[in-house]
Every structure is written in C-alpha cells, then in structure tokens.
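Listed here are the chains, written in short residue letters.
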Amino acid sequence: MTALTASPAWQALTAHHAQIKDAHLRELFADDPGRAERFSAEGAGLFLDYSKNRITGETLRLLLQLAEERGVTKRRDAMYAGDKINTTERRAVLHVALRAPRGSVIKVDGADVVPDVHKVLDAMADFATRLRSGAFTGHTGKRIRNVVNIGIGGSYLGPEMAYRALRPFSDRSMTFRFVANVDGADFHEATLGLDAAETLFIVSSKTFTTLETMTNAATARAWLVGKLGSDAAVAKHFAAVSTNIPGVTEFGIDPANTFGFWDWVGGRYSMDSAIGLSTMLAIGPDNYRAMLAGFHAMDEHFHTAPAAANLPMLLGLLTVWYNNFFGAQTLGVMPYSAHLARLPAYLQQLQMESNGKHVDLDGQVVNYQTGPIIWGEPGTDGQHSFYQLLHQGTKLVPCDMIGFCKPLSPLIEQHDLLMANLFAQAEALAFGKTEQELKAEGSPDFQRPFRVMQGNRPTNMILAEKLDPVTLGALVALYEHSVFVQGAIWKIDSYDQWGVELGKALASRIIPELSHGSEPALAHDASTNALISRYRRLRG
Ligand code: G6Q
C-alpha cells in the first residue's frame, strides 16, 4: 500500500481542498437546490444530514476513493471474519459478535463464538430476572434494590452512559450508582445512604487487576461485611464481570454470579458484553436484547450498505476531511437530549483511546494527524457556555448534533423548544449572519462588526425517532464503526491502548513512597521529588 500522504486520492484531496477551502455553505446551498437531499443517508433507524459540511460532490467522490485505496471495506470484512486485526496484541476484534443473533456463525481460531455469547447473555438474563423479581435476595433475605457498578474506563463509561440514556426504560424502584475513581470520595458518595442488605456490587473488570477497581472492590467488601457482620454475605451481594475467572474466584465472588467475556472484546467496545450487566438489571433482559438488536442493525448496515450511503463510512471520512485537510483539532458532539449527558464522555474514550496513536501498523511514526480530540455537552447547556466560540471564535470546530423527534417526558411543548434550538444552532453555524442582514434588522452601527457571524461552521445532524434501547444501540455502533473507518484510513491499530497500560504501571512505584510511617528517599526528577515531599508534609 502506498504511504497515505503519497496516495493518489490523498494528493487529489489536498489539491481539491486548496480549491474549495474558502467556499461558503451559503454559496454551496444557493448553487445546489438538491444538496440537502443528496447529502443525506439513512440506516438502522438513524437519519444523517451531512449537507452542512464544507464539501462538494467531488469531495465526497475523492473521500470514497481514499477509502477504496486504503482498503477500508477489506479491513472491515477481516474484522467481521474474526481475523486478528488488533495486531499489536494479536487479537481478533469482534464486538460485532456480541450482538450477532443466535444461530449466526463467527469464528475465532476456528471456533464459533456466537453460542458462547448467547450462553452468557442467557445467564445474565436469568440473573437479572431473578433479581428484578425479588427471587434473588440478599444475605438477610431482603430484596436487592441498589446496584453499584465498580469499574473504570471501558468497564464504567458505557454502563453509566447507557443507564442514564435508558433511564425511562429502567425499574424506577431501583437505585443504580457507579464507582470508578480511586478517590475514596467516589465510593463514599455512591454508597451514602444505601442499606447494605439491599445492595449488590458488580465488580466489572476485564483483567480483574486494575488498581482503582480492585481497591474499590476491597473497600466495598469491607463496607458490606462491616454493615452485615458476616463474610458469608459476600456471596449474596457481589457479582463479577471479567475475562479473568481465576481472579474473580480468588476474590471470593460466587461463580454463579460471575459473567465472562473474551479477549476479543476491547474494554471500550464492551458495553454490550456482560459489562452491561448493570444496564440489563436496570432495563430488563428484553430491553437489553432490543439494544443489541439496534447495535446489530447498524453492524449490518455498515457491512452491506454501499460506501456512498453508509453512515459510519460517511461520518468517518468527514472526520478525516476536517482533521487532515482543514487541520481541525477537535470534534464536538452535542446531543440534544438530557439523557445523553454522558455520551460525549463515552465517545471521548471510544475515539481518543482508539485513534490517539502516532505509530502505524508497521511501527512507523506517522507524518499525518490521527484522531481528533472529542468533547461535548448536551446541546442547550452548551449554547449558554461554549457555543460563543463555535459561532464567532477563530477555530474550526466541526460538530455532530444529535436529536430525537419524540420526547421521553410528557412535556411535549418543551421538546419542540429543544428541537427548535437544535435546528436553529446548526442553521446559524452554517449560514451565520451578514453585515447586511444586521443592517436590515436595524442593528446599530457601532455594534455591527461584533454581531457578524461568519457561518461556514460545519455540522452533521443525526436524527432518530426516539431515544430507546434500539436507537441507543444503533447510535453507539455508528460511532464504533466510524472510529474503525478513521483508523483504517490512518492505518493504525485502533484496538490497542499501550498508553493506558503504561498509566496502570506508573503509580505503583510511587504508592509505597506515600505510605504513612515509612517515607523512603526519593529518586525521581526534581519536580516529582518536590511534589511528593510537599504532599507528605501537608497531608497531615
Ligand atoms: C479500554 C481500556 C481501559 C479499560 C480500563 C479498565 O479499552 O483498555 O479503559 O477498560 O482500564 O480495565 P479493566 O476492565 O481490565 O479493569
């Protein structure tokens, strides 16, 4: 394969960018009445309007040519076939198998993994049904009403995001809390006011060795045993989700409450594996399966839809367009739904941990930009804070905006207000406000320069009928596959995370240096030594 920046499509895109970089969306729309229709696509219940992007038909043609030259669909097929495309860890990448319908066949090393997936799903469903009905009780015979998920990174962000997103579908008589941070305040606040006799802890950890999670799990055990007065209580108040079953057994969690998954599921791609146990306990097995069906519908769309009508392909290529040709450093994600408050944080990990790499699959340092910085907030909150910079700042910030046609609350009029804001913002970002328009509105001379909105700020608009389990699954899969497309173009391993592994090891050197009583001599750099010394002095 030719080096990315020397490839014909890349070269052509560079020349094309020079030609159209100043074209304004006002002109692009005025010149092409069919633009909104032409630059839109639909799949798995999601509608994507990408017409408010700084592209022409030629841009799209060249981006699709780039995908072709980079072998994106070939790599996609290799992923779906269970090939070990995570080369630095020599692992298959098969989150698509987590939502494959019963009876389909996906092989890793010659063995079909789909029956195992459904075995675990059935066990989770059985556990969830017993717990939700009250048949599974705690140590004292009381019904479990509180669920505390202990996990971090990929074992936390998905479950918390999904719980918040699908709360209207959850059992409202139950309380769900999430402990991730090793800061004791996180555990303390999450368990404050809970009756231990009614509380289940789910220890979610792929490796079952992560410092934060193991520390919080030990704290949880001490908290529970302290409150209920017996070690035997652990069996009835702990569940585990992990690929490390020996580790779980050693911790003392009942194998009957233990749910496994596999090394071909990356942490940030695991919210629909057993890591989603808290989600299933909240919304029930049927809703959980509906969410998996949504994921699967998008998997099918990505696998079969022609590239020009393929949502993840389009979204991924547009990200590359702004990232590599316009030099945009970030991508904003603005859900117009209070329920999706944690979606930006979830996507931050999904995208930045996957594509924040500076070395390609051959181990060569790349000479082009890879993954952008992802950030965002629910839309109308953002409007009253950072949208000022989006509208009138000096930086180009492409944004994805996400909205739903049906509200989840009975306050229907408020939903119209919310959606009006969504449409208005995308319109204002694209078309801005000219000096002439301001004059016509009677804006005073002295203010006019400050009120001009240049426009030409690109957005993707993702619309769905309603935020329900099916839609959430499709939406998350859309971004998973968009990340895949970007990684394939940049020829990087989107599925390893050596930067995270390093972080896991680093603190272990300093931990004993902070322990009370023994304060060994420090041999770090001068700054770290001074900081540790100051901490020792001030902590009291
Ligand atoms: C995800 C990353 C990372 C991981 C956490 C938790 O892709 O690998 O965020 O999920 O570090 O790891 P464990 O699940 O092993 O505790």
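So, here's what we can say about the structure. (Residues numbered from 1 in each chain as written. Predicted model: local features only at pLDDT ≥ 70, side-chain atom pairs only at ≥ 80, totals over all residues. Heavy atoms only, no water.)

**Describing the overall build of the protein**
Each helix and strand counted, the protein has 22 helices and 13 strands in total. Over its C-alpha atoms the protein spans a radius of gyration of 25 Å, differing by no more than 12% from the 24 Å that the globule rule assigns to 540 residues. By its C-alpha atoms, the protein is 75 × 60 × 55 Å across when sized along the principal axes. Put simply, of all contacts in the protein between residues at least 6 apart along the chain, 74% involve residues at least 24 apart. In the form shown here, the protein has an accessible surface area of approximately 22800 Å², with 55% of it arising from carbon and sulfur atoms. (Helix = DSSP H or I, 4+ residues; strand = E, 2+ residues; numbered from the N terminus. Rg over C-alpha atoms; globule rule 2.2 N^0.38 Å. Contact = heavy atoms within 4.5 Å. Areas by Shrake-Rupley, 256 points an atom, 1.4 Å probe, with all protein chains shown as cover.)

**Here's the deal with the site of the ligand**
Taken together, 14 residues lie around the ligand, and Ser-155, Ser-205, Thr-207, Thr-210 and Gln-349 are the ones closest in. In this structure, Thr-207 approaches the ligand through a side-chain N or O atom, which is 2.6 Å from an oxygen atom. In isolation the ligand has 400 Å² of accessible area, and contact with the protein removes 94% of it. Each residue belonging to the shell around the ligand can be placed in one class, and the counts come to one nonpolar, nine polar and four charged. (Near = heavy atom within 4 Å. Polar contact = N/O pair within 3.5 Å; in protein donor to acceptor, adjacent residues only side chain to side chain. Nonpolar A, V, L, I, M, F, W, Y, C, P; charged D, E, K, R; others polar.)

**What about the layout of surface pockets?**
There is about 530 Å³ of room inside the largest pocket. Among the elements of the structure, helix H9 (211-228), helix H14 (343-355) and helix H21 (498-514) are those that each provide at least two residues to the lining of the largest pocket. A per-element tally of the lining of the largest pocket places H21 first, with four residues. Residues belonging to the lining of the largest pocket are distributed by class as follows: eight nonpolar, 13 polar and nine charged. Here the second largest pocket defines a volume of roughly 400 Å³. Forming the boundary of the second largest pocket are 19 residues, of which Ser-337, Ala-338, Ser-409, His-415 and Leu-418 lie nearest the centre. Sorting the residues of the lining of the second largest pocket by element identifies helix H15 (379-383) and helix H17 (412-431) as the ones contributing at least two each. Residues that form the lining of the second largest pocket fall into these classes: 10 nonpolar, seven polar and two charged. (1 Å grid on protein atoms, 1.4 Å probe; cavity = no way out; pocket = protein on both sides within 12 Å on 5 of 7 lines; lining within 4 Å. Points joined across faces, edges and corners; volume = space filled by probe spheres on them.)

**As for H17**
For an α-helix the count is 3.6 residues per turn, leaving residues at separations of three or four pointing the same way. Given a rise of 1.5 Å per residue, 20 residues ought to cover 28 Å, and the 29 Å separating the end C-alpha atoms of H17 matches this to within 8%. For H17, the complete set of buried residues consists of His-415, Met-419, Leu-422, Gln-425, Ala-426, Leu-429 and Ala-430. Axial view of H17: buried residues confined to an arc of 130°, hence all on one face. Away from the buried face of H17 by more than 90 degrees, exposed residues Glu-413, Gln-414, Asp-416 and Leu-417 are located. As for H17, its buried residues are in contact with helix H2 (25-31), H15, helix H16 (387-392), strand E12 (399-404) and strand E13 (459-464). Following H17 by one or two positions, Gly-432 adopts a phi angle in the positive range, close to 60°. (Expected span 1.5 Å × (residues − 1). Buried < 20%, exposed > 50% of the residue type's maximum accessible area, 1.4 Å probe, protein only. Arc of directions from axis to C-beta.)

**Describing empty space enclosed by the protein**
All chains considered together, the criterion is met by four cavities of 30 Å³ or more. When its volume is computed, the largest cavity comes out at roughly 50 Å³. With four residues, helix H6 (residues 114-133) is the largest single contributor of residues to the lining of the largest cavity. Across the lining of the largest cavity, the residue classes break down as seven nonpolar, two polar and one charged.

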